[in-house]
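Structural overview
In case you want the letters, here they are:
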Amino acid sequence: MTQHVSPTPDEVPAILVDNLSKTYTRGQQKFTALNGVTLDVKQGEFFGLLGPNGAGKSTLISSLAGLIPTDGGTIKFLGKTPDEDRRFCKMAIGIVPQEITFDPFFSVWETLRLQSGFYGLRNNDEWLNYLLEKTGLTEKKNEKVSRLSGGMKRRVLIAQALVHRPPIIVLDEPTAGVDVDLRRKLWEFMTELHRDGHTIILTTHYLEEAQALCSRIALLNHGRVVTLDDMHSLLSRFSQDRLKFRLVSGDLAACGIAGLTPLDDGYWSLSYQNVDELRLALDKMAAKQVVINSLETGQANLEEVFLQLTND
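Right, let's walk through the structure included here. Computed from a predicted model, the values in this text were never measured in an experiment.

Here we take up the environment of Gly120. Along the chain, Gly120 turns up in the loop between helix H3 (108-118) and helix H4 (125-134). A relative accessible area of 57% places Gly120 in the exposed class. Between the alpha carbons of Gly120 and Leu309 there is a distance of 44 Å; along the sequence they are 189 residues apart.

Structure below.
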């Protein structure tokens, strides 16, 4: 896949964020969104940027896009800062935003042509037709974007972010609000982009998505990097046996059991070292008349790691 940015030595990070900080002032109060964030993303990496709401992900992505000024720190794209070469950095990255926003009067084709003009690109039609094909939008080429379904609009956002053939792609919640079938197709497209040599940074609240696609993740919480590790090592650190169950009734807090982590939809996870420790925990539940069902044993997944780290 031809790229408009000149090749860079592989040892140079695709993105290097060093001690980035950003504080917002709201009336008389100050809110620190980024507090000394430092991380690197390697060229060709599928990188996950995770964190709960308010962790600083959106501020970090806005900083990468050049949409907000930061209070301190530096960002480098393929070894260069925006101050050194603004056009190079602008062409190096494409961002698929979380919010779906379009001019309601333009067709899909007009939207992509206008985006090409934003990057100063002419005679880009062959590439735009390729993007329409890869995103499944060829038949919608002349349709007004406002008339498309939410999933189709999400595809237009992805195509729009790729008009200048950036080597680095940031996907901010790309599958939010789409059905299961479209989510699977978008996963396949993201994987194909990665195979083509793109560096991909993914933010998502679907943690199974991150676990399946990302080789390394950074977890943000309260504006700081809580952990930065490859997926295998991260899961290994929390690889205790665990019992996943649904709480039917009773008060788990009254049982005095260590290793409990709340999950979604009324489910809990209990980490344990051996069978005796598990038996003791179940005895404590029975003594306090705690009723559970839907038991499932296994090892920790990314959801449980995420909750343990952000709760800590």
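Time to look at the side chain of Ser63. When you line up the elements, Ser63 lands in helix H1 (residues 57-64). Judged by relative accessible area, Ser63 falls into the buried class, the value being 8%. Setting aside residues up to four positions removed in sequence, Ser63 forms contacts with Leu20, Leu34, Ile68, Thr70 and Ile75.

Taken as a whole and judged by the stated rule, the model has nine salt bridges. Put simply, Arg216 and Glu45 hold a salt bridge, and the shortest N to O gap is 2.6 Å. Pair noted here: Arg216 is in strand S8 (residues 216-221) and Glu45 is in the loop between strand S2 (29-41) and strand S3 (46-50), with a separation of 171 residues, a long-range link. The class for Glu45 is buried, based on a relative accessible area of 7%. Through salt bridges with shared partners, one network takes in Asp40, Glu45 and Arg216.

Criteria and cut-off values
Position numbers for residues start from 1 in each chain and track the written sequence from start to end. The predicted nature of this model means local features are confined to residues of pLDDT at least 70 and side-chain atom pairs, given and counted, to a pLDDT of 80 or more, with totals for whole chains, interfaces and linings taken over all residues. Side-chain numbers here rest on the full set of heavy atoms in the structure, without hydrogens or water. Each helix is a run of H or I in the DSSP string that is no shorter than four residues. Each strand is a run of E no shorter than two, and both are numbered from the N terminus. Throughout, exposure labels follow a simple rule: accessible area from a 1.4 Å probe, protein chains only, divided by the maximum for the residue type, with under 20% read as buried, over 50% as exposed, and the rest as partly exposed. Contact between two residues is taken to exist if any of their heavy atoms lie within 4.5 Å; hydrogens are not considered. Each reported salt bridge corresponds to a side-chain nitrogen of Lys or Arg within 4 Å of a carboxyl oxygen of Asp or Glu.

The analysis is restricted to geometry; functional conclusions fall outside its scope.
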